[in-house]
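The chain contents come next:
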Amino acid sequence: MLELKTITGGYGRITILNGTSFSIPKASITTVIGPNGAGKSTVFKAIFGLLNIQSGEILLDGETVTRKSPAEMIARGVTYVPQGRNVVPQLSVLHNLELGGITSKDQTKVKRRMEEVMDQFPMLRERKDQKAIELSGGQQKQLEIARALLLDPKLILIDEPSIGLSPNLVQEVFQTLIRLRDQGVTILMVEQNAKAALAMSDYGLVLELGQTRMFDKADALLKDPRVGQLFLGGHIEDAA
Ligand SMILES: Nc1ncnc2c1ncn2[C@@H]1O[C@H](COP(=O)(O)OP(=O)(O)OP(=O)(O)O)[C@@H](O)[C@H]1O
């Protein structure tokens, strides 16, 4: 569904992605893991048209989308949920949700989607008139995911959804992503919380120095001693 072919690119003159390649199938969850600074978030920026791509190709459903703008990627059914808190704190839950549909020319469809999305997230319907800041961290992440769903995306890029959340809330967010996958949405996620994320994923990708070091079924990566030692609580010296 999504394929990156030897992408190189970075910021100004600095190259961060050094020939990143991988492909992911439709209706799957893939988690990208790797050390700090490996270029995980930069991969998302490359896909979503926010990076200066020097060479390589990105294909979405077989069509070249390399260097398409974020607006074009949104029109093609891709959405990006960046790291951190991205709700507007003083706006109501409903207003925050509406922001997800602001670029659409079909506001009738957006209204219908608002209802469908609130059906999927009853907590948001219950709290629709409250300010977003009054939601818990996990609920705010749910609001961001719900907002990303307004345009009915087929691919969600989600960067560290579990950051700052308690284990229970992490599981809630992950369950939301699993439900979306089961509805046919493809999910590419970056996670520091590698063990928990791989445990709920279909595939895992290890990125190091802007290159794909490993790509495999998530359960195979979970069992792989190299991954265990490097990213799941072991030490780099042990893996050497
Ligand atoms: N806007 C930017 N301008 C210049 N350099 C940047 C910019 N954003 C990121 N970088 C650099 O690119 C490199 C890769 O950053 P990136 O955020 O992709 O890493 P990451 O693997 O997601 O790391 P982390 O796990 O720490 O979030 C880092 O060295 C970072 O300093």
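It should be emphasised that the depicted structure is a prediction, and the values quoted were computed from it without experimental measurement.

## A look at the pattern of salt bridges
Alright, step 1. Under the criterion given, the structure shown has 14 salt bridges.
Alright, step 2. Salt-bridge contacts for R76 lead to E63; the nearest nitrogen and oxygen are separated by 2.9 Å. You can see R76 sitting in the loop between α2 (70-75) and β6 (78-81) and its partner E63 sitting in strand β5 (residues 63-64), a full 13 residues away along the chain.
Alright, step 3. The class of R76 is partly exposed, set by a relative accessible area of 27%.
Alright, step 4. Accessibility expressed as a relative area gives 47% for E63, which makes it partly exposed.
Alright, step 5. With a closest N to O distance of 2.9 Å, R113 and E116 form a salt bridge. Of this pair, R113 and E116 both sit in helix α4 (residues 107-120), three residues apart, roughly one helical turn.
Alright, step 6. For E116, a relative accessible area of 32% gives the class partly exposed.
Alright, step 7. The network of salt bridges with common partners includes R112, R113, E116 and D152.

## Brief notes about the layout of surface pockets
Alright, step 1. Taken as a whole, the largest pocket spans an internal volume of roughly 360 Å³.
Alright, step 2. As for the largest pocket, its lining consists of 18 residues, of which I74, T79, Y80, G100 and A148 are closest to the centre.
Alright, step 3. A per-element tally of the lining of the largest pocket places β6 first, with four residues.
Alright, step 4. When its residues are assigned to classes, the lining of the largest pocket shows 11 nonpolar, five polar and two charged.
Alright, step 5. Of the pockets and cavities examined, the second largest pocket occupies roughly 200 Å³.
Alright, step 6. Lining the second largest pocket are 13 residues, with I74, A75, T103, S104 and L151 sitting closest to its centre.
Alright, step 7. Those elements that place two or more of their residues in the lining of the second largest pocket are α2 and α4.

## A few points about the nonpolar core
Alright, step 1. Of all hydrophobic cores here, the largest spans 35 residues; its most connected members are L177, I187 and M189.
Alright, step 2. Breaking this core down by element, the ones donating at least two residues are α3 (93-99), α4, α5 (122-126), α6 (137-148), β7 (155-159), α7 (167-182) and β8 (186-190).
Alright, step 3. Of the residues forming this core, the biggest block, seven residues, is contributed by α7.
Alright, step 4. Beyond its immediate chain neighbours, meaning those up to four positions away, L177 contacts I29, I145, I158, P161, I187, M189 and M200.
Alright, step 5. The next biggest cluster of nonpolar side chains, apart from the first, holds 27 residues, and it includes L4, I53, L157 and L205.

What counts as what
Residues numbered from 1 in each chain as written. Predicted model: local features only at pLDDT ≥ 70, side-chain atom pairs only at ≥ 80, totals over all residues. Heavy atoms only, no water. Salt bridge = Lys/Arg side-chain N within 4 Å of Asp/Glu carboxyl O. Helix = DSSP H or I, 4+ residues; strand = E, 2+ residues; numbered from the N terminus. Buried < 20%, exposed > 50% of the residue type's maximum accessible area, 1.4 Å probe, protein only. 1 Å grid on protein atoms, 1.4 Å probe; cavity = no way out; pocket = protein on both sides within 12 Å on 5 of 7 lines; lining within 4 Å. Points joined across faces, edges and corners; volume = space filled by probe spheres on them. Nonpolar A, V, L, I, M, F, W, Y, C, P; charged D, E, K, R; others polar. Core = buried A, V, L, I, M, F, W, Y, C linked by side-chain atoms within 4.5 Å. Contact = heavy atoms within 4.5 Å.

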